[in-house]
Amino acid sequence: MTARVDSATEIDVPAGPAHHDGGVAQAAPPSPRRRRGAGWGARLEIALMVGPALIVFLGLVIFPVVMAAYYGFFSWKGYGPPTDFIGFRNYVTILQDPAFQEAVLHNFTIVVLSLVLQGPAAFLLALLLNRRMRGQSIIRVLIFVPYVIAEVVVGTGWSLMLQTNGAVNDLLEKMGLGFLAQDWLSNPDLAIWTLMGIITWKYIGFAVILFLAGLQGIPEELNEAAAIDGASFWQIQRHITLPLMGPTLRIWAFLSIIGSLQLFDLVYIIWGQYVASTAGTSTMATYMVSEGRNAGNFGYGNAVAVVLFVISLVVALVYQRFVLRRDTEGAITGDQKKGRFQR
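**Notes on the layout of surface pockets**
To locate leftover empty space, one rolls a probe as large as a water molecule over the atoms. Put simply, the largest pocket is a space of about 440 Å³. Listed by contribution, the elements that provide at least two residues to the lining of the largest pocket are α7 (188-216), α8 (220-228) and α9 (233-244). Of all the elements, α9 adds the most residues to the lining of the largest pocket, at 4 residues. For the lining of the largest pocket, the per-class residue count stands at 5 nonpolar, 6 polar and 3 charged. Its volume calculated, the second largest pocket comes out at about 330 Å³. If you trace the second largest pocket, you find 17 residues lining it, with Y203, L255, S256, G259 and S260 closest to the centre. Elements represented by at least two residues in the lining of the second largest pocket include exactly α3 (98-129), α7 and α10 (246-261). In terms of residue count, the dominant contributor to the lining of the second largest pocket is α10 (5 residues). Split into classes, the residues belonging to the lining of the second largest pocket amount to 9 nonpolar, 6 polar and 2 charged.

**Side note on the pattern of salt bridges**
One pass over the full model with this rule turns up 2 salt bridges. Between D170 and K174 there is a salt bridge; the shortest N-O distance is 3.4 Å. One end of the pair is D170 and the other is K174, both in helix α6 (residues 167-174) and 4 residues apart, which spans about a single turn. The partly exposed category is assigned to D170, whose relative accessible area is 38%.

Cut-offs applied
Residues numbered from 1 in each chain as written. Predicted model: local features only at pLDDT ≥ 70, side-chain atom pairs only at ≥ 80, totals over all residues. Heavy atoms only, no water. 1 Å grid on protein atoms, 1.4 Å probe; cavity = no way out; pocket = protein on both sides within 12 Å on 5 of 7 lines; lining within 4 Å. Points joined across faces, edges and corners; volume = space filled by probe spheres on them. Helix = DSSP H or I, 4+ residues; strand = E, 2+ residues; numbered from the N terminus. Nonpolar A, V, L, I, M, F, W, Y, C, P; charged D, E, K, R; others polar. Salt bridge = Lys/Arg side-chain N within 4 Å of Asp/Glu carboxyl O. Buried < 20%, exposed > 50% of the residue type's maximum accessible area, 1.4 Å probe, protein only.

In structure tokens, the structure reads:
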């Protein structure tokens, strides 16, 4: 039926049962109708959007891990179908091998030193570059340049400069500091620190750029209000900047931890497969290559890859559970945590 509002406007009201209340006719609200096919259309849209990424993830991540786990149960030379089934012997050998245990220790040492050395240095540089100064853009570029240089170039260059007759010792001799010249690559007491110096030089630019992006998101009004209240520069950084930079710092730390656990290219290029173990810079990845592919035992190498994957996965899950979780909980209400939606 049609309800007339005024002489110029008419509103079409769907016909339906009506009842009278005080002499005024009111139409009952129409019953909701579910549109057929809307659910299938939404599912199809999700499938089209997620499908390609899911196929790539399954094909390039999950499938190789499954196949590596499968080959790890065999004594396989890398060609032909694996037939010599040995069960968990490869995995037992890996966990009992002192060389692998040293490699694991080196990886976690690199994890700790990366967080301790790169984090504070990158944060201080970010604070410096976040202020207006001459040549600010040039300094940012120079700090970021090592990060974009290929690891092969970085490893080759540093391996040549750090040799006993390389450019570093020669420069020290010309500066009258010849007593500081060292065997930077082969000395077990110095090699790990040499590696950390190269890693810090290589990756600190990424941390600085990431921290600068986080600093740009902090309202300047907060710092100005704290300064008016009498807070010093370092008090502002401690009580305002650091808490607000928490999510950025935790993301950087996560990336640094995973990268340190999977470190391979710089160590393999600079120290090689033989010097790395004697110099104390071997990692799980270099151990995998030297004891697997280079030794012609691809089944053992696949087993090492699986162990490396499991260690990285466990560390990532634990970090996400106890550290990164606080960054996602802030956007979830108490009712949503219990599976209910507030209305």
